[in-house]
Amino acid sequence: MANVVTQLARYMMILLILLYTYYNFRYFSLYWQEDRSYVCGNQVKCMFLILILADTVIWLRTEDVLTLAFCLVQMAFLAGYLAASMAIYPGISRILLNNICMLMAVSFIMLTRISSERAMRQFVIVLASAVLSLLIPALIGRVWQLAEIPWVYGIGGILLLAAVAVVGQAAFGAQLSLRIGGFSFQPSEFVKLSFVFFVAAMFYRAKDFRTIVRSAVAAALHVLVLVASKDLGSALIFFTAYLLMLFVAVNGWQYLIAGIAAGCLAAVLAYHLFHHVQIRVEAWQNPFADISGNGYQIAQGLFAIGTGGWFGMGLYQGMPEKIPVVTKDFIFAAISEEFGGIFGICIILICLGCFLQFMRLARRMEAGFYRLVAFGLGVIYIVQVFLTIGGVTKFIPSTGVTLPFVSYGGSSVLSSFLMFAVIQGIYILKADDDDWKPEPAGAGTQQEMEESDIEDL
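Residues numbered from 1 in each chain as written. Predicted model: local features only at pLDDT ≥ 70, side-chain atom pairs only at ≥ 80, totals over all residues. Heavy atoms only, no water.

J.: Could you clarify how one ought to interpret the overall build of the chain in this entry?
T.: Scanning the chain from terminus to terminus reveals 18 helices and three strands. The C-alpha radius of gyration of the chain comes to 22 Å, within 12% of the 23 Å expected for a compact globule of 457 residues. A principal-axis box enclosing the C-alpha atoms of the chain has dimensions of 70 × 65 × 40 Å. Expressed as a percentage of its 457 residues, the buried residues of the chain come to 54%. A separation of at least 24 residues holds for 74% of the contacts in the chain among residues at least 6 apart in sequence. Just so you have it, the chain exposes about 19700 Å², and 67% of that area is on carbon and sulfur atoms. (Helix = DSSP H or I, 4+ residues; strand = E, 2+ residues; numbered from the N terminus. Rg over C-alpha atoms; globule rule 2.2 N^0.38 Å. Buried < 20%, exposed > 50% of the residue type's maximum accessible area, 1.4 Å probe, protein only. Contact = heavy atoms within 4.5 Å. Areas by Shrake-Rupley, 256 points an atom, 1.4 Å probe, with all protein chains shown as cover.)

Quick look at the structure:
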C-alpha cells in the first residue's frame, strides 16, 4: 500500500508543482488585481495539495504519530502565516508571499524526511523569523532616515565580519560563525542586508567620483575581511552585488568591465593562496578522480540527481543521507533524487520568479534609495541561488552557500525572511503611489496593458 501511494504521490506532486510554476509566471502577464488574486489563490491550493500528499507518504513510511502531528503543525503554520501576512498588510505582494511558503513547504518535507530532529529545530527558527518579519514592512514605510546613515551600515558590517575573522568558529576550511552563549550564528548572512543598504545610501546621496572611491574602499574591506575568514562564497556575493549596484547607479560600463577583470584576477589569486579552494576546484574538475576523498560530496550529489531522473525515486526511496552536508548546501541534490529533475527545475523557476519580482519593483520605484535596495537585494538573492545550485550540479565549484528558505540553517532562514520583508515593505510603499495603481479610464486595452507589464520585466 505504501509503495503504491508513494508512486502515485510523486507523479501528482510533479503535476502540481508544474501548475504552481505556470501560475508563477502567468501572474506577470496579468494586470487586474482580481485576476492576480485568482492565480495566487490557485497557487496556494497547489501548495497545500503537495503538502498533503507528501505528509501522507511520510506517515505511511514512518507510522509515527509524533511525526504526523509535526507535519500537521507545519501546514497550520503556513496557513497562519499566509493569513496573518495578508490581514496585516493587504497591499502585500501575494506572489512573493506564496513563493516563500512554497519553498518553505519543500524544506519542511525534505528536512522531515532526512532528519526529524533538524526539521523541528528549523521549524522553531522559521516560526520566530516569520513573526519578526511581520514587523519589518511597517518599519520600512515609517523610518525615512534609513538613507541618511550609510556609514552605520558600512562600519557596523565590517566590524561584525572582522569579529568572525578573529574569533569565529571554523567549519569546512572557513571561519563562518560566532557563538554567543549557547547560540551560534553566521554574521555574513545579515551583513549582506546592511551592505546593500550601505551601497544604496551612498549612491542615493551622491554619485560623484569621490563617492564611488569611498564606497569601493568600504566594499573592498567587506570582501577582504571575508577572504581573510576564507568565506569566499560570501565574498563573491558581496563583490557581485557591489559591482552591479555601482553599474546601475552611475551607468558606467568602465566600472563594470574593470570590476569583472579585477574579479577574475582575484579568483586566480584565491586559487593559489588557499588550499581548500584548490581542493574544491580540483574536485569540481574531476570529482571521480578522488571519489572516496575530496570528490565524494560532488560525486554523491551527481549520483543522486542522475538516479532521480526526471520523475524522481519518490519520498523515502532515495538515499540522500549518503550526501555529506545534504541538509545545507546540497539540499537540491536530495530534492532532485526523490522528487525528480522536473520538480528541481520548477524550484529554480520559482526562485527566478522571485528575482523577476524584485527587478520589476526596482524598475518601477521612483525613490533612488529604495530602487537600489530592491535591485541589490535581488542580486544578492539570485547570486546565492546560482552558487548553490551551480555547485550541486557541477556547473561551478562548490562554495558552501545555502539555498534561501530551503536549506537547513538558522542564520540563512532569518536573513532570507528579513530580505523578503524589506522587499515587501518597499512593494507596499509603491502600491500606495498613484502611478502604481491602474488608471480608471484611458488605460488602454487589456492586451496593451499586459504587453506593457511584460516589457517592464
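J.: For this particular structure, what's the right way to read the pattern of salt bridges?
T.: When their charged atoms lie close together, side chains carrying opposite charge are able to pair. This structure, assessed with the given rule, holds four salt bridges. The closest approach of N and O atoms between Arg113 and Glu338, which form a salt bridge, is 2.9 Å. With Arg113 in helix α4 (residues 94–114) and Glu338 in helix α14 (residues 331–339), this pair connects stretches of sequence that are 225 residues apart. Look at Arg113 and you get buried, because its relative accessible area is 11%. Residues Glu189 and Lys192 are paired through a salt bridge, measuring 3.1 Å at the closest nitrogen-oxygen approach. Remark: Lys192 and Glu189 occur in helix α8 (residues 187–205); sequence separation between them is three residues, near one turn of the helix. Each member of the pair, Glu189 together with Lys192, is buried. (Salt bridge = Lys/Arg side-chain N within 4 Å of Asp/Glu carboxyl O.)

J.: When you look at helix α11 (residues 253–273) in this model, what are you seeing that I'm missing?
T.: Two residues of an α-helix separated by three or four positions point the same way, owing to the 3.6 residues in each turn. With 21 residues, α11 should reach 30 Å at 1.5 Å per residue; the first-to-last C-alpha distance of 30 Å fits that figure. Taken together, the buried positions of α11 are occupied by Leu256, Gly259 and Ala270. One side of α11 holds all its buried residues, which, seen down the axis, span an arc of 60 degrees. Looking at α11, the residues exposed on the side facing more than 90 degrees away from the buried face are Trp253, Gln254, Ile257, Leu265 and His272. The secondary structure elements touched by the buried residues of α11 are α10 (232–250) and α12 (275–285). (Expected span 1.5 Å × (residues − 1). Arc of directions from axis to C-beta.)

J.: Got a minute to help me understand a nonpolar patch on the surface in this structure?
T.: A cluster of nonpolar side chains, Tyr11, Trp310, Phe311, Ile345, Leu349 and Leu352, forms an exposed patch at the surface whose accessible area comes to about 570 Å². By residue number, the principal contributor to the nonpolar patch is helix α15 (residues 341–364), which donates three residues. Of note, Ile345 is situated in helix α15. Given the relative accessible area of 39%, Ile345 is considered partly exposed. (Patch = residues over 30% accessible without salt bridge, like charges linked within 9 Å, V, L, I, M, F, W, Y side chains within 5 Å.)

J.: For this particular structure, what's the right way to read the side chain of Ser133?
T.: Within the secondary structure, Ser133 sits in helix α5 (residues 116–133). For Ser133, a relative accessible area of 4% puts it in the buried group. A polar atom in the side chain of Ser133 sits 2.7 Å from the backbone oxygen of Ala130. (Polar contact = N/O pair within 3.5 Å; in protein donor to acceptor, adjacent residues only side chain to side chain.)

J.: What am I meant to see in the packing of aromatic side chains here?
T.: Two aromatic rings, taken as a pair, are described by how far apart their centres are and by the angle between their planes. Evaluated as defined, the whole model comprises 27 aromatic pairs. With centroids separated by 5.1 Å and ring planes inclined at 65 degrees, the aromatic side chains of Phe358 and Phe420 adopt a geometry described as edge-to-face. Of this pair, Phe358 sits in helix α15 while Phe420 sits in helix α17 (residues 410–431), and the two are 62 residues apart along the sequence. Comparing Phe358 with Phe420, the two get one shared label, buried. Looking at Arg113, its charged tip hangs above the ring of Tyr316, at a distance of 4.8 Å from the centre. (Phe/Tyr/Trp six-rings, centres within 6.5 Å; stacked < 30°, edge-to-face > 60°. Lys NZ or Arg CZ within 6 Å of the ring centre and 35° of its normal.)

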